[in-house]
Amino acid sequence: MPLSLYPPPIRYHDSLEQVEPDEEATVEQLIETLTGINQTTLEHSGHATRSVHAKSHALLTGELTIPDDLPRELAQGIFARPGKHAVVLRMSTVPGDILDDSVSTPRGMALKILGVEGERLPGSEGATTQDFVLVNGPSFRVPNAKKFLAGLKLTAATTDRAEGAKKALSAVLRGTERVIEAFGAKSPTLVALGGQPETNPLGDTYYSQVPLRFGDYVVKVSVAPRSPNLTQLTDATLNVNGKPNGLRDAMVEHFAAQGGEWDLRVQFCTDPDTMPIEDASATWPEEKSPYIDVARLYVPPQPAWNETRRVAIDDGLAFSPWHGTTDHRPLGSVMRARRLAYKVMAKFRAHHNKVDIQEPKTLADIPL
């Protein structure tokens with residue numbers, strides 16, 4: 001889609017962010033609440049998992065191709081250099097406890113791109129990775145870190161409790177969400193609480209939901225299915241009732257026989273009023289700024305999940321939007337809160353699982 005058909009992208013500058021005076025206290029409470037979730041699940045299972053996106057369904061490796069003919073506006077940051085990069089991909093669901101898949105919650109996709117160049121973000125010095133952390137909805141459920149903390153406290157109070165009740169509630173919420181969608185709408189709150197439609201995650205489109213710097217500009221990032229074997233799974237029903245790991249089973253079956261291709265895309269901020277930096281709950285209108293392809297992700301057939309991969313990727317790696325270059329600096333209240341929170345949570349897992357979490361230089365550094 002030619003950029004000339006749309007308003008010009010807003011250029012990045014520091015004043016786009018507006019830090020709240022009590023933001024540091026909010027982050028401290030977030031860390032306390034996330035640590036509580038970690039401690040609860042550790043006591044239950046004897047193993048330290050992520051406080052969000054605890055359950056993985058596919059742990060994959062692939063290749064990202066950056067073309068050599070990107071126009072100047074798209075050839076930004078790590079995308080300014082054409083070539084191929086190894087990628088680690090983790091697909092998950094949002095809660096911090098390991099639930100039966102019939103508790104249907106939003107899905108996540110985390111990418112770790114290896115071998116990138118550029119000035120590093122604070123705390124990421126010495127690494128050569130760029131992470132993108134994505135969820136299958138275009139916007140975050142709440143506008144800022146303070147609202148996120150309020151919701152997280154409710155999540156913490158129900159972690160590892162009453163899974164049967166969660167299953168029943170999820171079934172009710174899915175039915176309510178179907179009614180809402182029939183009228184052309186969608187409720188991020190219902191989806192987050194357990195109303196995620198029971199579809200195949202390989203057909204979903206994933207979004208950063210919150211903005212980040214894109215060299216001279218500001219964007220949101222998305223990964224969308226491209227190959228026909230993935231696009232045909234978009235909205236395809238996947239019945240996981242009676243299958244506690246039904247999502248994982250579907251991905252293992254898929255990648256045992258075939259791979260898949262996705263487009264990595266960006267959506268430029270072109271209007272600060274309708275595309276705010278500090279309101280993560282705002283969906284940026286695609287009629288004002290469509291998503292545009294900047295790279296191609298290919299994942300070949302492979303074992304999608306096994307114990308070796310769980311140890312190497314679930315336990316041995318951490319994904320954070322703050323693992324990367326200054327050209328892709330995360331922006332906004334939610335992203336700023338993630339900087340320290342993700343770091344503390346990774347240290348918790350490393351300590352209790354007795355592992356050394358490192359940033360890989362190549363795929364050979366990951367014992368798959």
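Bear in mind that the values here come from a model prediction, so they are computed numbers and not experimental data. (Residues numbered from 1 in each chain as written. Predicted model: local features only at pLDDT ≥ 70, side-chain atom pairs only at ≥ 80, totals over all residues. Heavy atoms only, no water.)

### Quick look at helix α7 (residues 307–315)
For step 1, the next point in the chain: Turning to α7, its buried residues number three or more, namely Arg309, Arg310, Ala312, Ile313, Asp314 and Asp315.
For step 2, the next point in the chain: Next to the buried residues of α7 lie β1 (55–66), β2 (83–93) and α8 (333–353). (Buried < 20%, exposed > 50% of the residue type's maximum accessible area, 1.4 Å probe, protein only. Helix = DSSP H or I, 4+ residues; strand = E, 2+ residues; numbered from the N terminus. Contact = heavy atoms within 4.5 Å.)

### Observations concerning the confidence of the model for the protein
For step 1, the next point in the chain: With 89% of its residues at a pLDDT of 70 or more, the protein shows a mean pLDDT of 90.
For step 2, the next point in the chain: Below a pLDDT of 50 lies the segment residues 162–187, which in the model reaches 42 contacts outside its immediate sequence neighbourhood of four places, other chains included.
For step 3, the next point in the chain: Residue range residues 189–194 is modelled with pLDDT below 50. Its contacts to residues more than four positions away, or to other chains, number 22 contacts. (pLDDT = per-residue confidence, 0-100.)

### Topic: the packing of aromatic side chains
For step 1, the next point in the chain: Counted according to the given criterion, the structure contains five aromatic pairs.
For step 2, the next point in the chain: With a centroid separation of 5.9 Å and an interplanar angle of 75°, the aromatic rings of Phe214 and Phe268 are classed as edge-to-face. Pair noted here: Phe214 is in strand β6 (residues 212–214) and Phe268 is in strand β8 (residues 260–268), with a separation of 54 residues, a long-range link.
For step 3, the next point in the chain: On the accessibility criterion, Phe268 (1% relative accessible area) is buried.
For step 4, the next point in the chain: Pairwise contacts between aromatic rings join Phe79, Phe214, Tyr217 and Phe268 into one cluster.
For step 5, the next point in the chain: Note that Arg248 overlies the ring of Trp305, its terminal NZ or CZ placed 3.8 Å from the centroid. (Phe/Tyr/Trp six-rings, centres within 6.5 Å; stacked < 30°, edge-to-face > 60°. Lys NZ or Arg CZ within 6 Å of the ring centre and 35° of its normal.)

### Remarks on the environment of Leu64
For step 1, the next point in the chain: Relative to the helices and strands, Leu64 resides in strand β1.
For step 2, the next point in the chain: Exposure remark for Leu64: the relative accessible area of 1% places this residue in the buried category.
For step 3, the next point in the chain: Placed 199 residues apart in sequence, Leu64 and Asp263 show a C-alpha to C-alpha distance of 9.5 Å.
For step 4, the next point in the chain: Apart from the residues lying within four places of it in its own chain, the contact partners of Leu64 are Phe79, Gly83, Lys84, His85, Val87, Ile113, Leu264, Ala295, Arg296 and Leu297.

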